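Breakdown of the fold
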Amino acid sequence: MIVGIPTEIKNNESRVGMTPAGVFELVKNNHTVYVQSGAGEGSGFFDADYQQVGASVLETIQEVYAIAEMIVKVKEPIAEEYDLIKEGQILFTYFHFASSEPLTKAMIKQKAICIAYETVEDEEGTLPLLTPMSEVAGRMAIQQGAKYLEKPVKGRGVLLGGVPGVAPGRVLVLGAGVVGIQAAKMAAGLGAHVTIMDINMKRLRYANDVMPPHVVTEFSNEYNIRKHIKTHDLIIGGVLLKGKKAPNLITRDMLKEMRPGTVIVDVAVDQGGCVETTKPTTHEDPIYIIDDVVHYSVANMPGAVPYTSTVALTNVTLPYAVRLANLGWEKACEKDASLKKGLNIVSGKVVYQEIIEAFSWEEVLS
Ligand SMILES: NC(=O)C1=CN([C@@H]2O[C@H](COP(=O)(O)OP(=O)(O)OC[C@H]3O[C@@H](n4cnc5c(N)ncnc54)[C@H](O)[C@@H]3O)[C@@H](O)[C@H]2O)C=CC1
Ligand SMILES: CC(=O)C(=O)O
Ligand SMILES: [Mg+2]
């Protein structure tokens, strides 16, 4: 198969869809790989590194899309890329369709085979191609939150770890999944008081087992959330309903209950966010303030640490990419139920029910 690796063009997105190690593996399996010149630079991989393992380098994104049967990338295609996508071309990347009707409609129109990293699901119900980026984003959420709690950027002016004689900051984590656990761990490591909430008792039991005593678990319901937002300095949104729009656990009216300078890092923004006032931001302009509450909602947080993220991502995507290249998407999905769950749009037809529900479409669009 001919595989193309374009340069990411989303704001401050320096990850790349495949490392030279990945190209090595594809070439070993007799596939042809075209990499756009400079695609890996932000992650520390240069054209010569790719050429050394057998890839050919193309100058433009147009050339890569035009020649490839399968595009392997990181983020969803953005508007400038839509028309480059060919009928029947496999796109293997993050899409987060439920948060973008325009993207969904564009991919239907292009009639591509859209296999979304974030809905590939293993037998245990976990999301192997989302997990490493959630690990990155969960850890980063505390770094970013700590930064925006500083007064010069309109935060409350609270040091998360406190100092002797002064109580530490308080962090409320919504969701005890991958993002939530990593965020809680980082915050606890800094010495903050942490409350972590979920509706899944198994996740709360797990958090209770693995976390130090200054991490407290609480069942997630509106009453408890309303209580805790008043006393916590930093709130991390890490909830997910697979493939669906995230639920609004913090509504607009609740911002008034928070103290001025409270910071919300809504990691769940890529599925629409779990805070009503969340709207996607970029690394260039990551925050905005509503009712004195600082909102951070960058939809590609791991893009800011591409050295770590590119390798972590391709460690998990590569085996699937090789299978897709070896077998073609139909056979690969037939043989691998996890990969099949990644099929979101096939030749103009939405095949993932949660997307249809997200837009209240009555039937599968085609
Ligand atoms: N902004 C960014 O750059 C990134 C965003 N993400 C996003 O972060 C979100 C979380 O991802 P993961 O942690 O991997 O998902 P996960 O599936 O591991 O965890 C989500 C948790 O939310 C819980 N949950 C569901 N409804 C809830 C409710 N009402 N209250 C409290 N908890 C609830 C679930 O029980 C589950 O434990 C996803 O939307 C993911 O796409 C992930 C990586 C990067
Ligand atoms: C998961 C995701 O949205 C990201 O890594 O950017
Ligand atoms: Mg307020």
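As a starting point, this report considers the structure included with it. Computed from a predicted structure; not experimentally measured.

Overall, mixed pairing links the eight strands, which are arranged β3-β2-β1-β4-β5-β6-β14-β15 in an open sheet. The sheet is open, and its two edges are formed by β3 (56-58) and β15 (349-350), each paired on a single side. One ladder, built from two bridges, connects strand β14 (residues 343-346) with β15; its direction is antiparallel. Bridged to Ile345 within β15 is Val350. The sheet strands contacting helix α10 (residues 306-335) are β4 (70-72), β5 (90-93), β6 (113-116) and β14, and the helix crosses β5 at an angle near 150°.

Attention shifts here to the packing of aromatic side chains. Here the structure, examined in full by the defined rule, presents five aromatic pairs. Ring geometry for Phe95 and Phe97: centres 4.6 Å apart, planes at 10°, overall stacked. Given the relative accessible area of 1%, Phe95 is considered buried. Residue classification places Phe97 among the buried positions, given a relative accessible area of 1%. Pairing Phe359 with Trp361 gives two aromatic rings, centres 5.0 Å apart and planes at 45°, and the pair type is tilted.

Contacts to ligand 1 come from 31 residues, most closely from Ser134, Val179, Asp198, Ser220 and Met301. The backbone of Ala299 places a nitrogen or oxygen atom 3.3 Å from an oxygen atom of ligand 1. The backbone of Met301 places a nitrogen or oxygen atom 2.7 Å from an oxygen atom of ligand 1. For ligand 1, whose free accessible area comes to 860 Å², the fraction covered by protein is 90%. Among the detected pockets, ligand 1 sits in the largest pocket. Contributing elements (two or more residues each) for the shell around ligand 1: α6 (131-148), α7 (178-190) and β8 (193-198). Per-element accounting of the shell around ligand 1 gives the leading share, three residues, to α6. Classifying every residue of the shell around ligand 1 gives 19 nonpolar, nine polar and three charged.

All right, on to the site of ligand 2 then. Near ligand 2 you find Arg15, Lys75, Tyr94, His96, Leu130, Met133, Asp270, Ala299, Asn300 and Pro302, and these make up its full shell. Taking Lys75, its side chain carries an N or O atom lying 2.7 Å from an oxygen atom of ligand 2. Within the contact set of ligand 2, an oxygen atom lies 3.0 Å away from a side-chain nitrogen or oxygen of His96. Taken by itself ligand 2 offers 220 Å² of open surface, and the protein chains cover 95% of this.

Moving on, we get to the environment of Thr93. When you line up the elements, Thr93 lands in strand β5. Taking the C-alpha atoms as reference, Thr93 lies 34 Å from Phe219; in sequence the two are 126 residues apart. Apart from residues lying up to four places away in sequence, Thr93 is in contact with Lys73, Val74, Lys75, Glu76, Ile115, Ala116, Tyr117 and Glu118. A distance of 2.7 Å separates the side chain of Thr93 from the backbone oxygen of Val74, its partner in a polar contact. Here Lys75 takes part through its backbone oxygen, which lies 3.0 Å from a polar atom of the side chain of Thr93.

Reading the values: the criteria
Residues numbered from 1 in each chain as written. Chains lettered and ligands numbered in written order. Predicted model: local features only at pLDDT ≥ 70, side-chain atom pairs only at ≥ 80, totals over all residues. Heavy atoms only, no water. Pairing = 2+ DSSP bridges. Helix = DSSP H or I, 4+ residues; strand = E, 2+ residues; numbered from the N terminus. Contact = heavy atoms within 4.5 Å. Axes fitted to C-alpha atoms, helices over the stretch in contact; angles between N-to-C directions. Phe/Tyr/Trp six-rings, centres within 6.5 Å; stacked < 30°, edge-to-face > 60°. Buried < 20%, exposed > 50% of the residue type's maximum accessible area, 1.4 Å probe, protein only. Near = heavy atom within 4 Å. Polar contact = N/O pair within 3.5 Å; in protein donor to acceptor, adjacent residues only side chain to side chain. Areas by Shrake-Rupley, 256 points an atom, 1.4 Å probe, with all protein chains shown as cover. 1 Å grid on protein atoms, 1.4 Å probe; cavity = no way out; pocket = protein on both sides within 12 Å on 5 of 7 lines; lining within 4 Å. Sits in = over half its atoms within 2 Å of the grid points. Nonpolar A, V, L, I, M, F, W, Y, C, P; charged D, E, K, R; others polar.

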